[in-house]
Amino acid sequence: MSGFWYDVFTYGFLGRAFLVGCLVSLCSSLLGVILVLKRYSMIGDGLSHVSFGALSVAVALGFAPLKISIPVVILAAFFLLRIRNSKRIKSDAAIAVISSSSLAIGVIATSLSTGMTTDVCSYMFGSVLAMNQEDVVLSILLSVVVLLLFILCYHKIFAVTFDESFACATGVNVGFYNLLLAILTAITIVLGMRMMGAMLISSLIIFPALTSMRVFKSFKMVTISSGILSVICFVLGMMGSYFYSIPVGASVVVINLCFLLVGFLIESIKNKKQLRSSIKLG
Amino acid sequence: MNELLTCNNVSFGYENIIAISEVSFSLKEGEYLCVVGENGSGKSTLMKGLLGLLKPLKGELVLDEALQKSSIGYLPQQTDLQKDFPATVFEVVLSGCLKQRGLLPFYSKKQKETAMKNLKRLGMEDFKSRPYKELSGGQQQRVLIARALCATDRLLILDEPVTGLDPAATMELYELIKRLNQKYQVAIIMVTHDIKSAVNQADLVLHLGQTQLFFGNVEEYKQSEIGNSFLNLGKGGK
């Protein structure tokens, strides 16, 4: 165990991955609570595929990956949100179309340029080695912005999520907050994707929120708990990846899954207790 | 008494297609107005207009000064999403103070007191820290009314408040609304399908059918041709 912490603080790449991973887990779990409640979980998944496509094209053309993919994914997020309100095309179909097309474009771009190398594999399933110094600085800055905006707008975000029509009637600019949510989600997904992988990043958004909702019943507690839980799962997942030499993304997802199962267990025990006490009272 | 809200020949609609035209009525402090009409008669469009979500295409809508500063208390129809939303009753009610809060990131003590006061008015103070989703339908409506009262306690707009409630809860909710109206002088605009109860509760009736078919007090409505046929239609159906 001490070997793990020693290596995190001495090997630059491990330390960087650890720091960025914790921040991204925190951001994605906070946003995740809202996305799950708004029934936007699949948007997170769709955006990660778009992010993969953009990243592959950027690398193939020799551009800096993050600077290209962040704006592309923000655009895609904006577009997906718009589609949700349109009656012409169903949003789940739209997400499926967009995610598989961008995956395809990404794969074509890589195979035309470098060929299917380990690079592609690391985009798909994540790698701790993917980050360089510049990425780390950008990731830290953006994560801090996401966190600050979330805290400052917490109550408005709550109101808009709980009841859009009421928020609208009290003069909140609902469209703006939905857009803000889309942008923050897009940024978080691009940042986390390198480490977690395009296939697995959406789990960071969905799992901690789901688990917390099993156990807690107030919005505040659900938000706080999923933030803490997400960071814990990431640290445990990274340890797992270190000790057993498995990809960090997969390891984090499995740990999250374990916590979710424990969450279900706690919920069912709680329900039974409640039932028993209500029978006693009755 | 002052006029809270006046519509002068107002038309509302979407992208220049008029959904409801030539509506003229006014509401004074403490009055109770029922908006009735069939599906597609423009009830929800009118309501969006009153809430300021649609601009009038023609005519003018005048709100009294105090109402302009605060906002209108609004009880929307419940959505699916709220059925499993993790939030306590107090969190929900407090979100009604959103407008007073302005740009500050947190609620002040005074706003928390307002929220508490409104919970008490609706007899829900014991449920303060209970999860919203575990309440019964009628209790949830009470919580949402308390939230609406946090926005203002002068005018409440209720959008089909009894949808999905059982008969006992429906009666209870009607009595509660009546009490708010009489005891606290909250003016009420209620959009409803439940025409018979509406006529028993309200002072005024506004009957819509893409345009204004009737506006006046309940007695006049019962005497009028349209009111009579609509009321009997309800009876014939049951």
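Going by the structure above, here's the rest.
Residues numbered from 1 in each chain as written. Chains lettered and ligands numbered in written order. Predicted model: local features only at pLDDT ≥ 70, side-chain atom pairs only at ≥ 80, totals over all residues. Heavy atoms only, no water.

### Considerations on the overall build of chain B
Selection rule: Comment: elements are numbered from the N terminus, with helices defined as DSSP H or I runs of at least four residues and strands as E runs of at least two. We compute the radius of gyration from the C-alpha atoms alone; for a globule the expected value is 2.2 Å times N to the 0.38, where N is the number of residues. Burial classification: accessible surface area is computed with a 1.4 Å probe over protein chains only, and a residue below 20% of its type maximum counts as buried, one above 50% as exposed, and the rest as partly exposed. Note on contacts: a residue pair is in contact if any heavy atoms of the two residues lie within 4.5 Å.
Tallying secondary structure elements over chain B gives ten helices and nine strands in all. In terms of overall dimensions, chain B is globule-like: its C-alpha atoms have a radius of gyration of 18 Å, near the 18 Å expected for 238 residues. In chain B, which comprises 238 residues, the proportion classed as buried is 54%. Of all intrachain contacts in chain B linking residues separated by at least 6 positions in sequence, the fraction that spans at least 24 positions is 69%.

### Here's the deal with the sheet that holds strand β1 (residues 3–14) of chain B
Residue and element names in this part refer to chain B. This is how the line gets drawn: DSSP-based pairing: two strands are paired if at least 2 bridges between them are found. The axes are straight lines fitted to the C-alpha atoms, using for helices just the contacting stretch, and the angles between their N-to-C directions are given from 0 to 180°.
As summarised here, the arrangement of the three strands in space is β2-β1-β4, forming an open sheet in which the pairing is antiparallel. The open sheet is flanked by β2 (17–28) and β4 (58–63), the only strands paired with a single partner. Strand after strand, the sheet turns through a mean of 20° between neighbouring axes, direction not considered. The pairing of β1 with β2 spans eight bridges and is classified as antiparallel. Across the sheet, residue L5 finds its bridge partner in β2, namely L27.

### Describing the state of the cysteines
Definition in use: By definition, disulfides here are pairs of cysteine sulfur atoms that lie within 2.5 Å.
Applying the stated rule across the entire model yields zero disulfides over all chains. Note on C27 of chain A: no disulfide assigned, nearest cysteine sulfur contributed by C22 of chain A at a separation of 11 Å. Accessibility expressed as a relative area gives 1% for C27 of chain A, which makes it buried. Its sulfur unpaired, C97 of chain B is 4.1 Å from the next cysteine sulfur, which belongs to C150 of chain B. Given a relative accessible area of 0%, C97 of chain B falls into the buried group.

### Describing the interface of chain A and chain B
Formally: The term buried area denotes the loss of accessible surface (1.4 Å probe radius) that occurs when two parts are joined, taken as the sum for both partners. We count a salt bridge whenever a side-chain nitrogen from Lys or Arg sits within 4 Å of a carboxyl oxygen from Asp or Glu. For this analysis, a polar contact is any N or O atom pair within 3.5 Å, provided that within protein one partner can donate a hydrogen and the other can accept it, and provided that sequence-adjacent residues contribute only side-chain to side-chain pairs. By the convention adopted, Pro, Cys, Tyr, Trp, Phe, Met, Ile, Leu, Val and Ala count as nonpolar, Lys, Arg, Asp and Glu as charged, and the other residues, Gly among them, as polar.
In this complex, chain A contributes 26 residues to the contact, which on the side of chain B involves 32 residues. A buried area of about 2600 Å², summed over both sides, lies between chain A and chain B, and 67% of it is on carbon and sulfur atoms. Taken together, the connections running from chain A to chain B amount to two salt bridges. Here D163 of chain A ties to R147 of chain B by a salt bridge, and the two come within 2.7 Å at their closest N and O atoms. For the pair chain A and chain B, the interface holds eight residue pairs in polar contact (both at pLDDT 80 or more). Going through the elements one at a time, α8 (154–162), α9 (164–169) and α12 (219–244) of chain A are the ones with two or more residues in the side of chain A that touches chain B. Broken down by element, the residue count for the side of chain A that touches chain B peaks at seven residues, all from α8 of chain A. The residue makeup of the side of chain A that touches chain B, split by class, is 14 nonpolar, six polar and six charged.

### Points about the side chain of R121 of chain B
Residue placement: R121 of chain B occurs in helix α5 (residues 109–121). For R121 of chain B, the residues in contact, after removing those within four places along its chain, are L149, D153, R179 and Y184 of chain B.

### Side note on α12 of chain A
Stated precisely, the cut-off is as follows: To estimate how far a helix should extend, the number of its residues minus one is multiplied by 1.5 Å.
The first and last C-alpha atoms of α12 of chain A sit 37 Å apart over 26 residues, in line with the 38 Å expected at 1.5 Å per residue. Remark: S245 of chain A follows α12 of chain A within two positions and exhibits a positive phi of approximately 50°.

### Here we look at the packing of helix α2 (residues 12–37) of chain A against helix α7 (residues 133–152) of chain A
All names here are of chain A. As a reminder, the rule being used: For this classification, under 35 degrees means roughly parallel, over 145 means roughly antiparallel, 65 to 115 means roughly perpendicular, and everything else is oblique. Crossing handedness: left-handed means the near helix sits turned counterclockwise from the far one by under a right angle, and right-handed means the same turn made clockwise.
Where α2 contacts α7, the axes come no closer than 10 Å and their chain directions differ by 30°. The angle between α2 and α7 falls in the class roughly parallel. The crossing of α2 and α7 is left-handed. Taken together, the residues of α7 that come into contact with α2 (itself represented by R16, L19, V20, L23, L26, C27, L30, L31 and I34) are Q133, V136, S139, I140, S143, V146, L147 and F150. In terms of residue class, the contact of α2 with α7 is built from 13 nonpolar, three polar and one charged.

### Some points on empty space enclosed by the protein
Residue and element names in this part refer to chain A. The following threshold applies: Definitions used for this entry: grid spacing 1 Å over protein atoms alone; cavity, a set of points where a 1.4 Å probe fits but cannot get out; pocket, an open set with protein on both sides within 12 Å along at least 5 of 7 lines; lining residue, one with an atom within 4 Å of a point. Grid points are joined across faces, edges and corners, and a volume is the space filled by probe spheres set on the points.
This model, assessed by the stated rule, comprises two cavities of 30 Å³ or more. There is about 70 Å³ of room inside the largest cavity. Forming the walls of the largest cavity are I34, K38, I157, V160, T161, Y177, N178, L180, L181 and L184. For the lining of the largest cavity, the secondary-structure elements that each account for two or more residues are α8 and α10 (174–196). No other element matches the five residues that α10 contributes to the lining of the largest cavity. Partitioning the lining of the largest cavity into residue classes produces seven nonpolar, two polar and one charged. Its boundaries defined by the atoms lining it, the second largest cavity holds a volume of some 50 Å³. Looking at the second largest cavity, the residues that line it are L35, Y40, I43, L47, A77, L81, L181, A182 and T185. At the level of elements, α3 (41–61), α4 (65–85) and α10 are the ones that each hand at least two residues to the lining of the second largest cavity. The element contributing the most residues to the lining of the second largest cavity is α10, with three residues.

### Topic: the packing of aromatic side chains
Put simply, the test is: Here the aromatic set is Phe, Tyr and Trp, taking the six-membered ring for Trp, and pairing holds for ring centres within 6.5 Å; pairs whose planes are under 30 degrees apart are stacked, those over 60 apart are edge-to-face, and all others are tilted. Whether a charge lies above a ring is judged from NZ of Lys or CZ of Arg, which has to be within 6 Å of the ring centre and within 35 degrees of the ring normal.
This model, assessed by the stated rule, comprises twelve aromatic pairs over all chains. Centre to centre, the rings of F176 of chain A and Y177 of chain A are 5.1 Å apart; their planes meet at 85°, and the pair counts as edge-to-face. For F176 of chain A, a relative accessible area of 43% puts it in the partly exposed group. Aromatic ring contacts, followed pair by pair, group F150, Y154, F158, F162 and F219 of chain A together with F85 and Y132 of chain B into a single cluster. Stacked on the ring of F166 of chain A, the Lys or Arg R147 of chain B has its end atom at 3.8 Å from the ring centre.

### Comments concerning the pairing of strand β6 (residues 155–159) of chain B
All names here are of chain B. Spelled out, the test is: Crossovers are marked right-handed if the path from the first strand over the helix to the second runs clockwise, as seen with the strands pointing away from the viewer.
A large share of β6 lies buried, amounting to five of its five residues. Along β6, one buried face is formed by L155, I157 and D159 and the opposite face, lined by L156 and L158, is buried too. Relative to β6, strand β5 (residues 73–75) runs parallel, the two sharing three bridges. From the neighbouring strand, L75 faces β6, where its bridge partner is L158. After leaving β6, the chain enters helix α7 (residues 167–183) and then returns to the sheet as strand β7 (residues 187–191), a path that is right-handed.

### Details of the packing of helix α1 (residues 2–10) of chain A against α12 of chain A
Residues and elements named next belong to chain A. In the contact formed by α1 and α12, the axes pass within 11 Å of each other and the chain directions differ by 100°. In terms of axis orientation, α1 runs roughly perpendicular to α12. Touching G3, F4, W5 and D7 of α1 are V235, M238, M239, Y242 and F243, all from α12.

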